[in-house]
Amino acid sequence: MPAGYAVHVEHSRGRRVPEIPHPYRNDFQRDRDRVIHARAFRRLEDKTQVFTRRYSDHFRNRLTHTIEVAQITRTVAAALDLNVDLAEALALVHDLGHPPFGHAGEKALDAAMRSHGLFFDHNLHALRIVEDFEQRYAAFRGLNLTFEVREGIIKHSRDYDAGTHPELAEYLLDQRPPLEAQLIDLTDEIGYNTADLDDGYEAHLLTLDQIRAGVPVFERFFREVEQAYPKVSPKLQFNEALKGVFNRLAVDLITNTQARVQQSGIRTLSDVRAHQDRIAAFSPEVEAERRQIKDFLYQNLYYSPSLAEEKDDAERIVTDLFAFWMQNPSALPQQYQEKADQESLPRVVCDYIAGMTDHFIIEQYEKHCGSAR
Ligand code: MG
């Protein structure tokens, strides 16, 4: 039984189209399963997280990253007596709206839209996917998810202003999201900060010495590991130290959020919603360590010269294809041409590109624009 401040499935605000209850799964379990069975979820397998497949088949892609975030989220949500089914559904859906080629692809798509006075936002795109683009059910468009899952898609990582986004008014923009949604931004951080150190080290773009010097919290764990396991390989010592960092972040998120719930006198979900800021948080000490890891990754990995060429390719592919379909809308698939009757052409082209996998967009580029590399 979740705590009083958790979301209780029997108090859900429900679905747009009412459905007969399932005999074995509650509504949040069904939503979690609907996300897993969505086409957009399967496409995450071929969307870049940080490293493309050119590096290695055993690095994270957006699907395996998502599964890792779901794992962390289940543990944290359960320890906080939150609604684990809802938290898991939100973790599984959190990256559904990402375009191909990771951050570079998103930046290029947003820039292309801005030249038409519009913009691209992956959370809003994820909402369009689950509300409209996924067509699996005879009785409704989209996945007909519960209010709480849709709200979490929008509000897990940032606050949207009701003035700028009147279309989101139903999502209680003046209130904080439930703790289940607040967690996702932080479990996402735990997931990718540790995973990117791991993959960056495996890819030989980050050296052990560099990480030890640049990430003090890693260095502390590494020294302990060296004492405990002096004879094992540096890679295993690295793994053990990274595990220490991972665990420190997750445990701190649990204990500090617990403490904040108590200090703020939070008892009910309404208390969480009405509180002036988000309750889920790392302690100041661990927050500073998280920041150090992130800064280190920006300085040494995300903007490293080794990844620059691929990023340039990604930006060029997205930018050129966007321009191509703007000039040649008759080259779009029939269903997208039809959508252009109801929506602006840039939005339709953006939707088409955002849904693509890395593989598919490269294929399209080679078909319409020439050699991708
Ligand atoms: Mg993520």
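Now for a description of the structure that goes with this document. Computed from a predicted model, the values in this text were never measured in an experiment.

1. Quick notes on the overall build of the protein chain
For step 1, the next point in the chain: Each helix and strand in the protein chain was counted, giving 17 helices and zero strands.
For step 2, the next point in the chain: Its C-alpha atoms give the protein chain a radius of gyration of 22 Å, near enough to 21 Å, the size a compact globule of 373 residues would have.
For step 3, the next point in the chain: Based on the C-alpha atoms only, the size of the protein chain along its principal axes is roughly 65 × 50 × 40 Å.
For step 4, the next point in the chain: Buried residues in the protein chain amount to 55% of all 373 residues.
For step 5, the next point in the chain: Looking at the protein chain as shown, the accessible area adds up to about 17200 Å², and 50% of this sits on carbon and sulfur atoms.
For step 6, the next point in the chain: Here the protein chain carries 45 positive and 59 negative side-chain charges, and the mean point of each set is 2 Å from the other.

2. As for the packing of helix H6 (residues 122-133) against helix H7 (residues 147-155)
For step 1, the next point in the chain: At a minimum axis separation of 8 Å, H6 and H7 run at an interaxial angle of 155°. Looking at the two axes, H6 sits roughly antiparallel to H7. Contacts between H6 and H7 pair Asn 123, Leu 124, Ala 126, Leu 127, Val 130 and Glu 131 from the former with Arg 150, Ile 153 and Ile 154 from the latter.
For step 2, the next point in the chain: Taken together, the residues of the contact of H6 with H7 break down into six nonpolar, one polar and two charged.

3. A look at empty space enclosed by the protein
For step 1, the next point in the chain: Scanning all chains against the criterion turns up one cavity of 30 Å³ or more.
For step 2, the next point in the chain: Within this model, the largest cavity holds a volume of roughly 40 Å³.
For step 3, the next point in the chain: Lining the largest cavity, in full, are Ala 40, Arg 43, Leu 44, Lys 47, Leu 96, Gly 97, His 98, His 125, Ile 129, Ala 354 and Gly 355.
For step 4, the next point in the chain: Elements with a contribution of two residues or more to the lining of the largest cavity: helix H2 (39-43), H6 and helix H16 (345-355).

4. Topic: helix H4 (residues 84-93)
For step 1, the next point in the chain: In terms of residue burial, H4 counts as a mostly covered element, since nine of its 10 residues are buried.
For step 2, the next point in the chain: All buried positions along H4 are accounted for by Asp 85, Leu 86, Ala 87, Glu 88, Ala 89, Leu 90, Ala 91, Leu 92 and Val 93.
For step 3, the next point in the chain: Looking at the buried residues of H4, the elements they touch are helix H1 (27-36), H2, helix H3 (62-79), H6, H7 and helix H8 (179-202).
For step 4, the next point in the chain: The N-cap residue of H4 is Asn 83: its side-chain oxygen and the backbone nitrogen of Asp 85 are 3.2 Å apart.

Scoring rules and cut-offs
- Residues numbered from 1 in each chain as written.
- Predicted model: local features only at pLDDT ≥ 70, side-chain atom pairs only at ≥ 80, totals over all residues.
- Heavy atoms only, no water.
- Helix = DSSP H or I, 4+ residues; strand = E, 2+ residues; numbered from the N terminus.
- Rg over C-alpha atoms; globule rule 2.2 N^0.38 Å.
- Buried < 20%, exposed > 50% of the residue type's maximum accessible area, 1.4 Å probe, protein only.
- Areas by Shrake-Rupley, 256 points an atom, 1.4 Å probe, with all protein chains shown as cover.
- Lys, Arg positive; Asp, Glu negative; His and termini not counted.
- Charge placed at Lys NZ, Arg CZ, Asp CG, Glu CD.
- Axes fitted to C-alpha atoms, helices over the stretch in contact; angles between N-to-C directions.
- Parallel < 35°, antiparallel > 145°, perpendicular 65-115°, else oblique.
- Contact = heavy atoms within 4.5 Å.
- Nonpolar A, V, L, I, M, F, W, Y, C, P; charged D, E, K, R; others polar.
- 1 Å grid on protein atoms, 1.4 Å probe; cavity = no way out; pocket = protein on both sides within 12 Å on 5 of 7 lines; lining within 4 Å.
- Points joined across faces, edges and corners; volume = space filled by probe spheres on them.
- Polar contact = N/O pair within 3.5 Å; in protein donor to acceptor, adjacent residues only side chain to side chain.

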